[in-house]
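# Reading the structure
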Amino acid sequence: MDREFWLDRWRNNKLGWHLETVNPHLLDFWPGMPVPSRGRVFVPLCGKSLDMAWLARECGHAVVGVELSEVACREFFSENGMEPQVEDAGAFSQFAAEGITLLCGDLFDLDAHTLGPVDGVFDRGSLIALPPEMRIRYAGHMESLLPARPPVLCVTLDYPQQEMAGPPFSVGPEEVESLFGNGYRVECLRDWDVLDESPRFREQGLTALHERVFRLSAL
Ligand SMILES: C[S@@+](CC[C@H](N)C(=O)[O-])C[C@H]1O[C@@H](n2cnc3c(N)ncnc32)[C@H](O)[C@@H]1O
């Protein structure tokens with residue numbers, strides 16, 4: 001997907017992925033992640049997810065998100081009652097308030113120095129937002145951004161790809177293993193059949209839909 005695709009979705013408020021609640025998998029599995037309570041958590045392709053406010057307010061983490069859309073960054077802070085300080089940070093505009101920093105720009109322009117140290121990662125809707133060749137680039141880029149191999153909680157969708165054009169794209173367990181298995185042990189913590197509760201996808205003709213939660217732990 002190119003930048004314009006996503007910027008257009010934000011301009012036109014077409015945000016089918018956005019949840020008005022904290023992600024239930026985050027609530028269930030983050031407490032079991034080996035991330036120090038005051039540690040820094042990276043949320044790639046973060047949108048305006050409420051997960052970041054939960055990670056900061058309830059868990060005491062410093063949170064760093066990366067998001068292409070300035071609309072998303074501004075709405076995140078205004079909808080959560082925060083007034084961010086805005087500064088230039090190289091290729092990014094940096095929005096920061098109450099322990100949450102959003103880097104507004106392209107993830108692929110980010111480097112490990114600008115990101116800084118990371119103790120844990122939450123990926124929901126990031127890997128599956130990208131088409132196949134970009135997922136390979138994403139995995140390689142994450143490897144360069146995260147030299148300390150912090151633990152990652154990653155939520156994916158898996159469905160017969162020929163039945164629907166992404167995004168979201170289908171990413172099965174074998175692909176997660178092939179993308180991250182060099183540096184990480186990949187465990188599937190949850191495998192949910194979510195077709196019945198996803199009328200939007202059923203209407204598009206999907207005959208199967210699984211949401212999975214993976215924990216990636218450094219080898
Ligand atoms: C499917 S949404 C998921 C958002 C969020 N993780 C959530 O759970 O609500 C994907 C987001 O990634 C952003 N995005 C796409 N490509 C990006 C890139 N190269 N760099 C930064 N953000 C990007 C889009 O603007 C969009 O907000």
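Residues numbered from 1 in each chain as written. Predicted model: local features only at pLDDT ≥ 70, side-chain atom pairs only at ≥ 80, totals over all residues. Heavy atoms only, no water.

A word on unusual backbone geometry. Between G166 and P167 the backbone carries a cis peptide bond, its omega angle lying at -5 degrees. Structurally, the position occupied by P167 is in the loop between β7 (152-158) and α7 (173-180). Look at the link from P167 to P168: it is a cis peptide, with omega at 0 degrees. Along the chain, the position of P168 falls in the loop between β7 and α7. One non-glycine residue, E98, lies in the positive phi region at around 50 degrees. Relative to the elements of secondary structure, E98 occurs in the loop between β4 (92-97) and β5 (100-104). (Helix = DSSP H or I, 4+ residues; strand = E, 2+ residues; numbered from the N terminus.)

Using the criterion set out here, one finds 15 salt bridges in the structure. Across the pair R11 and E4 runs a salt bridge whose closest N-O atoms are separated by 2.9 Å. On the basis of relative accessible area, R11 is assigned to the exposed category, the value being 52%. Assessed through its relative accessible area of 45%, E4 is described here as partly exposed. Beyond isolated ion pairs, a larger network of salt bridges with shared partners links K48, E75 and E79. (Salt bridge = Lys/Arg side-chain N within 4 Å of Asp/Glu carboxyl O. Buried < 20%, exposed > 50% of the residue type's maximum accessible area, 1.4 Å probe, protein only.)

If you walk through the whole model with that rule in mind, you get four aromatic pairs. For the pair W10 and W17, a centre-to-centre distance of 5.7 Å together with 70 degrees between the ring planes defines the contact as edge-to-face. A connected cluster of aromatic rings, assembled from ring pairs, spans F5, W6, W10 and W17. Geometry around F108 places R137 over its ring, the cationic atom sitting 4.1 Å from the centre. The aromatic ring of W192 is capped on one face by R190, whose charged end is 4.3 Å from the ring centroid. (Phe/Tyr/Trp six-rings, centres within 6.5 Å; stacked < 30°, edge-to-face > 60°. Lys NZ or Arg CZ within 6 Å of the ring centre and 35° of its normal.)

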